[in-house]
Amino acid sequence: MRGDVELNGPYRVERVVDGDTFVIKIDGKDTKVRLIGVDAPESAAPADYGKENTKEGKIASAYLEKLINGRNVYLEYDLNYMDQYGRILAYVYMSDQKTMVQETLLSEGYVQVMTVQPNIKYAERFTELQKKARQEGKGFWK
């Protein structure tokens, strides 16, 4: 466990939807989880969504899939538990319960910081990780 953070799980990742959303089963039901604090380029947006799917989005999705698909993860919640689309909002940890998925994605340059109030617990840390990845030319910052 990471400090005094309360983690829920483990949950097995059933599939990755895109670079910042994936599916787990809760009580036998498919449930989408949206990573808090980050945003990946689009890769699975419907035609009427108003945003274009991109090559970078497919790369980000593939990276997240390689990282968590079929693996167990743990969830940490912030103040808002769900978004308007019915997705669980969470900070996501790998099976070691220490490695946060958002931190990995930011450090490797495959997502950008996206802060949405009131879920800002790690906003400063995320901004620093993005800044470092950008300075080092990692991922999409090349």
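Everything below is about the structure printed above this text.
Remember, predicted model here, so these are calculated numbers, not experimental data.

A. Quick look at empty space enclosed by the protein. For the structure shown, the criterion picks out 1 cavity of 30 Å³ or more. Estimated volume of the largest cavity: approximately 30 Å³. Taken together, Ile-36, Gly-37, Tyr-91, Thr-115, Asn-119, Ile-120, Tyr-122, Ala-123 and Phe-126 make up the full set of residues lining the largest cavity.

B. Molecular detail of the environment of Lys-131. Structurally, the position occupied by Lys-131 is in helix H3 (residues 123–136). Counting along the chain gives 25 residues from Lys-131 to Leu-106, while the straight-line C-alpha distance between them is 9.0 Å.

C. Just the nonpolar core, in detail. Within the largest apolar cluster, 34 residues are counted, with the highest numbers of intra-cluster contacts made by Phe-22, Val-33, Ile-68, Leu-75, Val-92, Tyr-93 and Val-101. Listing elements by their share of this core, those giving two or more residues are strand E1 (8–18), strand E2 (21–26), strand E3 (29–35), helix H1 (55–68), strand E5 (72–76), strand E6 (88–93), helix H2 (101–107) and H3. In terms of residues, this core owes the most to one element, E6, which gives 6 residues. Aside from chain neighbours lying at most four places away, what touches Val-101 is Leu-35, Leu-64, Leu-67, Ile-68, Val-92 and Met-94.

D. Here's a closer look at the pairing of E1. Of the strand pairs in this sheet, E1 and E5 are connected by 3 bridges, and their pairing is antiparallel. Pairing of Tyr-11 across the sheet is with Val-73, part of E5. One ladder, built from 4 bridges, connects E1 with E2; its direction is antiparallel. Each residue of the ladder has a partner; that of Arg-15, found in E2, is Val-23. Following E1, the chain reverses through 2 residues before pairing antiparallel with E2.

E. Looking closely at the pattern of salt bridges. Taken as a whole and judged by the stated rule, the model has 9 salt bridges. A salt bridge links Arg-34 to Asp-20, with the shortest nitrogen-to-oxygen separation between them at 3.5 Å. Residue Arg-34 is located in strand E3, and its partner Asp-20 is located in the loop between E1 and E2; the two are separated by 14 residues in the primary sequence. Grouping residues by exposure puts Arg-34 and Asp-20 together as buried. For the salt bridge of Glu-136 with Lys-132, the shortest nitrogen-to-oxygen distance reads 3.8 Å. Of this pair, Glu-136 and Lys-132 are both found in helix H3, 4 residues apart, which corresponds to roughly one turn of the helix. Salt bridges sharing common partners tie together Asp-20, Arg-34 and Asp-39.

The rules behind each value
Numbering of residues starts from 1 in each chain and follows the order in which that chain's sequence is written. Local features are withheld for residues below a pLDDT of 70 in this predicted model, meaning they are given only at 70 or higher, and side-chain atom pairs are given and counted only at 80 or more; totals for whole chains, interfaces and linings count all residues. Hydrogens are left out, water is left out, and the side-chain values use all remaining heavy atoms of the structure. The method works on a 1 Å grid over the protein atoms by themselves. A cavity is a set of points holding a 1.4 Å probe that cannot get out, a pocket is an open set with protein on both sides within 12 Å along at least five of seven lines, and residues with an atom within 4 Å of a point line them. Grid points are joined across faces, edges and corners, and a volume is the space filled by probe spheres set on the points. Numbering goes from the N terminus for both helices and strands, where a helix is a DSSP run of H or I of at least four residues and a strand is a run of E of at least two. Note on terminology: a nonpolar core comprises buried Ala, Val, Leu, Ile, Met, Phe, Trp, Tyr and Cys residues joined through side-chain atoms within 4.5 Å. Burial classification: accessible surface area is computed with a 1.4 Å probe over protein chains only, and a residue below 20% of its type maximum counts as buried, one above 50% as exposed, and the rest as partly exposed. Every residue pair with non-hydrogen atoms within 4.5 Å of one another is taken to be in contact. Should DSSP find at least two bridges between two strands, the strands are taken to pair. The term salt bridge refers to a side-chain nitrogen of Lys or Arg lying within 4 Å of a carboxyl oxygen of Asp or Glu.

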